[in-house]
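Summary of structural features
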Amino acid sequence: MERKGKWIVAGVVSAALIGGGTGLAVATAGGDDSEQPITGSALRSASAAALEHTGGGKVTDTEVGDEDGYYEVEVTLPDGKRTDVHLDKDFKVIGSMADSENEQNEED
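So, here's what we can say about the structure. (Residues numbered from 1 in each chain as written. Predicted model: local features only at pLDDT ≥ 70, side-chain atom pairs only at ≥ 80, totals over all residues. Heavy atoms only, no water.)

Next up on the list: the pairing of strand 4 (residues 93–98). Walk down a regular strand and you will see the side chains alternate between the two sheet faces. Of the strand pairs in this sheet, strand 3 (residues 82–87) and strand 4 are connected by five bridges, and their pairing is antiparallel. Pairing of Thr83 across the sheet is with Ala98, part of strand 4. Taken together, strand 3 and the strand that follows it, strand 4, pair antiparallel across an intervening segment of five residues, in which Phe91 is found at a positive phi of about 70 degrees. (Pairing = 2+ DSSP bridges. Helix = DSSP H or I, 4+ residues; strand = E, 2+ residues; numbered from the N terminus.)

Below is the structure:
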């Protein structure tokens, strides 16, 4: 009986460790820390291209390696709305879209 009890305890401890490890992996995978800001001369070039595309505003966020282009530049327009401008590696605009948060703010 004592031997059976040790196996049960070992099984419960193993299950707890595996479950705890899985919970930790899920918790740490939730954040997206992979976003890298644009820096240096690339930041100046990307910002200039994005601001020319939007006709002005203020650069409020940047990202290298965006899923929609090589660079992403978030521009806040004078009216407070935000637009994400997507650029290729040569700083040419390949697309832009109003930030989805704009729609939520308009409903408030």
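In the structure shown here, the tally under the stated rule is two aromatic pairs. Centre to centre, the rings of Tyr70 and Tyr71 are 4.7 Å apart; their planes meet at 85 degrees, and the pair counts as edge-to-face. The class of Tyr71 is buried, set by a relative accessible area of 8%. Pairing Tyr71 with Phe91 gives two aromatic rings, centres 4.9 Å apart and planes at 10 degrees, and the pair type is stacked. Of this pair, Tyr71 sits in strand 2 (residues 71–76) while Phe91 sits in the loop between strand 3 and strand 4; the two residues are 20 residues apart in sequence, bridging distant segments of the chain. The exposure class assigned to Phe91 is partly exposed, which follows from its relative accessible area of 24%. Taken together, the ring pairs connect Tyr70, Tyr71 and Phe91 into an aromatic cluster. (Phe/Tyr/Trp six-rings, centres within 6.5 Å; stacked < 30°, edge-to-face > 60°. Buried < 20%, exposed > 50% of the residue type's maximum accessible area, 1.4 Å probe, protein only.)

This brings us to the pairing of strand 1 (residues 58–64). Alignment of strand 1 against strand 2, held across six bridges, turns out to be antiparallel. When the bridges of strand 2 are listed, Val64 appears paired with Tyr71. Hairpin geometry of strand 1 and strand 2 is characterised by an intervening segment of six residues between the two adjacent antiparallel strands and by a positive phi of about 80 degrees at Gly65.

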